[in-house]
Amino acid sequence: MPDGTYVMDSKVIVRELEKQYPSSPPLDPDSPQIPKYIEQLSGVFKNLRPIYLVGVPQRLLKEVNHAYWNETRSEHVGMPLDQFAKEHSTEEAYKGATPHLQNITVMLKENDKGPFFNGDTIKYIDFVHAGFLLMFRQLGDDIFQPVLEATGDPEVHLRFLEALKPWTERDNY
């Protein structure tokens, strides 16, 4: 935060930002849309585990983090990640994620003013969805494109990402 303190957990951060910047439009972290979205996103992540559990360390993490990732995620799925990935096909992973991704697309299209979930006003839910999309985009086109296709309307999500550029493109490091 500007005073040098640190805040963790996205909802806590949002509430702190709203407190410090009350003149900004509210981000609405308690929107009734959020539980519906999280339910669908949980289904997406559950089904895509064979893809991202091995993809994240291979493509995103530094080697120093591989052992921790593999150990903790292997415990979660009850077997080594390589074995888990071999026992669950990517085709089945995308197929299982498809209805959840399509439900998210329906939610995103409910407000025809778009491109955000609430039309032209950005909210907390948009940043949550952006985090999901950006992570899978970082994993590579061979993973991101099938995710987009499984949404049923890739262009809606691409327009969404384009509209989020002012918040997602870093201007310093």
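Please read these numbers as outputs of a predicted model, since none were measured by experiment. (Residues numbered from 1 in each chain as written. Predicted model: local features only at pLDDT ≥ 70, side-chain atom pairs only at ≥ 80, totals over all residues. Heavy atoms only, no water.)

Asker: Would you explain the pattern of salt bridges in this entry?
Answerer: Enumeration over the complete set of coordinates arrives at 5 salt bridges. Among the ionic pairs, Glu16 bridges to Lys19, the shortest N-O distance being 3.5 Å. Placement of both Glu16 and Lys19 in helix α1 (residues 10-20) is noted, with a separation of 3 residues, approximately one turn of the helix. With a relative accessible area of 61%, Lys19 lands in the exposed category. Its salt-bridge partner being Lys109, residue Asp153 comes within 3.0 Å of it at the nearest N-O pair. (Salt bridge = Lys/Arg side-chain N within 4 Å of Asp/Glu carboxyl O. Helix = DSSP H or I, 4+ residues; strand = E, 2+ residues; numbered from the N terminus. Buried < 20%, exposed > 50% of the residue type's maximum accessible area, 1.4 Å probe, protein only.)

Asker: Looking at this model, I keep getting lost on the packing of helix α5 (residues 90-109) against helix α8 (residues 154-163). Mind explaining?
Answerer: Each packed pair of helices is defined by two parameters, the angle between the axes and the distance between the axes. Running from N to C, α5 and α8 point in directions that differ by 60 degrees, and their axes come no closer than 10 Å. Accordingly, the angle class assigned to the pair α5 and α8 is oblique. Considering the relative orientation of α5 and α8, their crossing is left-handed. For the pair α5 and α8, contact is made by Ile104, Thr105, Leu108 and Lys109 and by Val156, His157 and Phe160, respectively. (Axes fitted to C-alpha atoms, helices over the stretch in contact; angles between N-to-C directions. Parallel < 35°, antiparallel > 145°, perpendicular 65-115°, else oblique. Left-handed = near helix turned anticlockwise from the far one by under 90°. Contact = heavy atoms within 4.5 Å.)

Asker: When you look at unusual backbone geometry in this model, what are you seeing that I'm missing?
Answerer: Leaving glycine out, the prevailing phi sign among residues is negative, and the prevailing peptide bond configuration is trans. Omega for the bond connecting Gly114 with Pro115 falls within 30 degrees of zero, at 5 degrees, which places this linkage in the cis form. Relative to the elements of secondary structure, Pro115 occurs in the loop between α5 and α6 (124-138). One non-glycine residue, Asp9, adopts positive backbone phi at about 85 degrees. Within the secondary structure, Asp9 is located in the segment before α1.

Asker: Honestly, the packing of aromatic side chains in this entry has me stumped. Any pointers?
Answerer: Think of a pair of aromatic rings as described by two things: how far the centres are apart, and how the planes are tilted against each other in angle. With the rule as written, the count across this model stands at 10 aromatic pairs. Taking 5.7 Å as the distance between ring centres and 75 degrees as the angle between the ring planes, the aromatic pair formed by Phe45 and Phe132 counts as edge-to-face. Pair noted here: Phe45 is in helix α2 (residues 33-59) and Phe132 is in helix α6, with a separation of 87 residues, a long-range link. For Phe132, a relative accessible area of 3% translates into the label buried. Taken together, a centroid distance of 6.1 Å and an interplanar angle of 80 degrees make the contact between Phe116 and Phe160 edge-to-face. Taken together, the residues span a long stretch of sequence, with Phe116 in the loop between α5 and α6 and Phe160 in helix α8 at a distance of 44 residues. Members of the aromatic cluster, connected to one another through ring pairs, are Tyr37, Phe116, Phe117, Phe127, Phe160 and Trp167. Its end group placed over the ring of Trp69, Arg73 keeps NZ or CZ at 3.8 Å from the ring centre. (Phe/Tyr/Trp six-rings, centres within 6.5 Å; stacked < 30°, edge-to-face > 60°. Lys NZ or Arg CZ within 6 Å of the ring centre and 35° of its normal.)

Asker: I keep staring at the side chain of Thr151 and nothing clicks. Help me out?
Answerer: One can find Thr151 in the loop between α7 (141-150) and α8. Judged by its relative accessible area of 2%, Thr151 falls in the buried class. A polar contact is formed between the side chain of Thr151 and the backbone oxygen of Leu148, at a distance of 2.5 Å. Setting aside anything within four residues of it in sequence, one finds Thr151 in contact with Leu101, Gln102, Thr105 and His157. (Polar contact = N/O pair within 3.5 Å; in protein donor to acceptor, adjacent residues only side chain to side chain.)

Asker: Which parts of the structure should I look at to understand the packing of α6 against α8?
Answerer: Contact geometry of α6 with α8 gives a least axis separation of 11 Å together with a crossing angle of 105 degrees. Considering their axes alone, α6 and α8 lie roughly perpendicular with respect to each other. Mapping the contact onto sequence places Asp126, His129, Ala130, Leu133, Leu134 and Arg137 in α6 and His157, Phe160 and Leu161 in α8. For the contact of α6 with α8, a count of residues per class yields 5 nonpolar, 2 polar and 2 charged. (Nonpolar A, V, L, I, M, F, W, Y, C, P; charged D, E, K, R; others polar.)

Asker: What exactly am I supposed to notice about the confidence of the model for the protein chain here?
Answerer: Interpretation of the predicted coordinates at a detailed level should be avoided for regions scoring low in pLDDT. Summarising the model, the protein chain shows a mean pLDDT of 94, and 98% of its residues fall at 70 or more. For the protein chain, per-element mean pLDDT is lowest for α1, which scores 89, and highest for α7, which scores 98. (pLDDT = per-residue confidence, 0-100.)

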